[in-house]
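Each chain, letter by letter, is given below.
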Amino acid sequence: MKASVAGYARAENVRHALELLAESAGHGRILAGGQSLVAAMNMRLSVGDLLVDISRIGDLSGVTVEGDALRIGALTRHAQLGSDPEVRVHVPLLTTAVAHIAHAAIRNRGTIGGALAHADPAAEFPACALALGTTIHVEGPDAARSIAAEDFFEDIFTTALTEDEILTSITVPVAEPGEVQILEEVARRAGDYALVGLCLVRRATGHRIALFSVGPKPILATGAMQALDAGDLEAAVASLAAEMDPPSDTQASAAYRRHLAGVLLRRAVVRLEGSTV
Amino acid sequence: MTEMFRDRVDVSLTVNGEPVEARVPAGQHVIDFLRLELGLTGAHASCEHGVCGACTIRVDGDAVRGCLMLAAQADGAEVWTVEGLTDIGEISDLQEAFVARNALQCGFCTPGMLVAAEELLSKGEVPSRADIREHLSGNYCRCTGYEAIIDAVETVALGRARKGKA
């Protein structure tokens, strides 16, 4: 089908984009890479939007090391992240995740800020953000604020962003010496959304486990994290099954998703142990 | 609607090396613009939600989904379609290999397939068959079963590598 759009404006900078949003009286929608939004508009899942195109705002793109954190601009494209040497060294989970996201042509346009703001519960980046303890930086008409990933994802396609705010960048802690970051997922075909996905991060302070495609939003499996900290993989697998409330759909039943999550955790732990030698 | 938002947007870009200026509907995607306004019907509008890859074109050097990019966003861009890439001969070896290996039947997916394959080949390495499959996994073909397409792309990669060394 064809998109039905009420209007379009190209934002020159973040301030201009915020003014456009304010002017749109609730009908504004931020357009960045467009790889989810334009598809949704073509399918008429979103109609009558006033599009605020931020894709030309140069200073929203790029990766910089800031002390013990990596700052990633909201408009940094998946392909750009996937080949970035700083990301590969400091946040290898994101490098790994990129290879699982859709297909090459989509990775050439899709942006990390767009993926996080869209908050698809089956997408890789929101779960990565949870597992890594990412901070999400947004700007609004009056002030900027920073939101912990754990407080950012609220429900299916719903985040803590308000209608007049724009996600501008994220900061991710730089991996400490010996830190291990692993992503495991099962998808039916290359580029498909995962039936279930799991991110496992091991730091000196303990393990972090985030799941995606297991419910209306990505979740941090805190019970399983504590069990792994205590060295009890069986308890961690059991806890994981209890912490998720996955849907049954044409792709997989809830029971199968619970089973897969345990399988993925076991695989990730095997890789974790391999990496300590 | 306020005056800050436009339902038609002025764009200035190059398509297949030629400058183009146009006023496009705000919601029109690049493929409809290329096909309906410029008569470039090589790239196809098919699923229109980024799944099938039949609309794959080159924008600023990258293979992208023409159905997931608005024409309004192409302002200032350098766009290449299968027509232009054919005219300048950039993909002639790939096209010959597709014919030689019978890598198409109905041909609907072929323009997108060629642009996607050329992106992989342009990296200058010889990709494995698995790499070729992965790179083309976003381009559906309902005729060939893909094997002949992988053959054709692999043949060209090896051919170009030999030529590079010669």
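Residues numbered from 1 in each chain as written. Chains lettered and ligands numbered in written order. Predicted model: local features only at pLDDT ≥ 70, side-chain atom pairs only at ≥ 80, totals over all residues. Heavy atoms only, no water.

## Thoughts on the interface of chain B and chain A
In this assembly, 35 residues from chain B lie in contact with 39 residues from chain A. Buried area between chain B and chain A, both sides added, is near 2,900 Å², and the carbon and sulfur share of it is 55%. If you look at where chain B meets chain A, you find four salt bridges. Residue Glu48(B) pairs with Lys2(A) through a salt bridge whose shortest N-O separation is 2.6 Å. On the surface where chain B and chain A come into contact, there are 16 residue pairs in polar contact (both at pLDDT 80 or more). Considering each element in turn, the side of chain B that touches chain A owes the most residues, four residues, to strand β4 (residues 62-65) of chain B. Looking at the side of chain B that touches chain A, its residues break down into 15 nonpolar, ten polar and ten charged. (Contact = heavy atoms within 4.5 Å. Buried area = accessible area lost by both parts, 1.4 Å probe. Salt bridge = Lys/Arg side-chain N within 4 Å of Asp/Glu carboxyl O. Polar contact = N/O pair within 3.5 Å; in protein donor to acceptor, adjacent residues only side chain to side chain. Helix = DSSP H or I, 4+ residues; strand = E, 2+ residues; numbered from the N terminus. Nonpolar A, V, L, I, M, F, W, Y, C, P; charged D, E, K, R; others polar.)

## Structural notes on the packing of aromatic side chains
Across all of its chains, the model carries one aromatic pair over all chains by this definition. Ring centres 5.1 Å apart and planes at 90 degrees place the aromatic pair Phe152(A) and Phe153(A) in the edge-to-face group. Residue Phe152(A) is classed as buried on the basis of its relative accessible area, which comes to 0%. The ring centre of Tyr140(B) lies 4.9 Å from the NZ or CZ of Arg142(B), which sits over that ring. (Phe/Tyr/Trp six-rings, centres within 6.5 Å; stacked < 30°, edge-to-face > 60°. Buried < 20%, exposed > 50% of the residue type's maximum accessible area, 1.4 Å probe, protein only. Lys NZ or Arg CZ within 6 Å of the ring centre and 35° of its normal.)

## Let's talk about the sheet that holds strand β10 (residues 166-173) of chain A
All names here are of chain A. Strand order in the open sheet formed by five strands is β4-β5-β10-β6-β7, and the pairing between neighbours is antiparallel. Each end of this open sheet is capped by a strand with a single partner; those strands are β4 (63-66) and β7 (144-148). Along the sheet, successive strands turn relative to each other by an average axial angle of 25 degrees, direction set aside. Along the sheet face, helix α1 (residues 14-23) touches β6 (135-139) and β10 and points at about 130 degrees away from the line of β10. (Pairing = 2+ DSSP bridges. Axes fitted to C-alpha atoms, helices over the stretch in contact; angles between N-to-C directions.)

None of this, on its own, says anything about what the molecule does.
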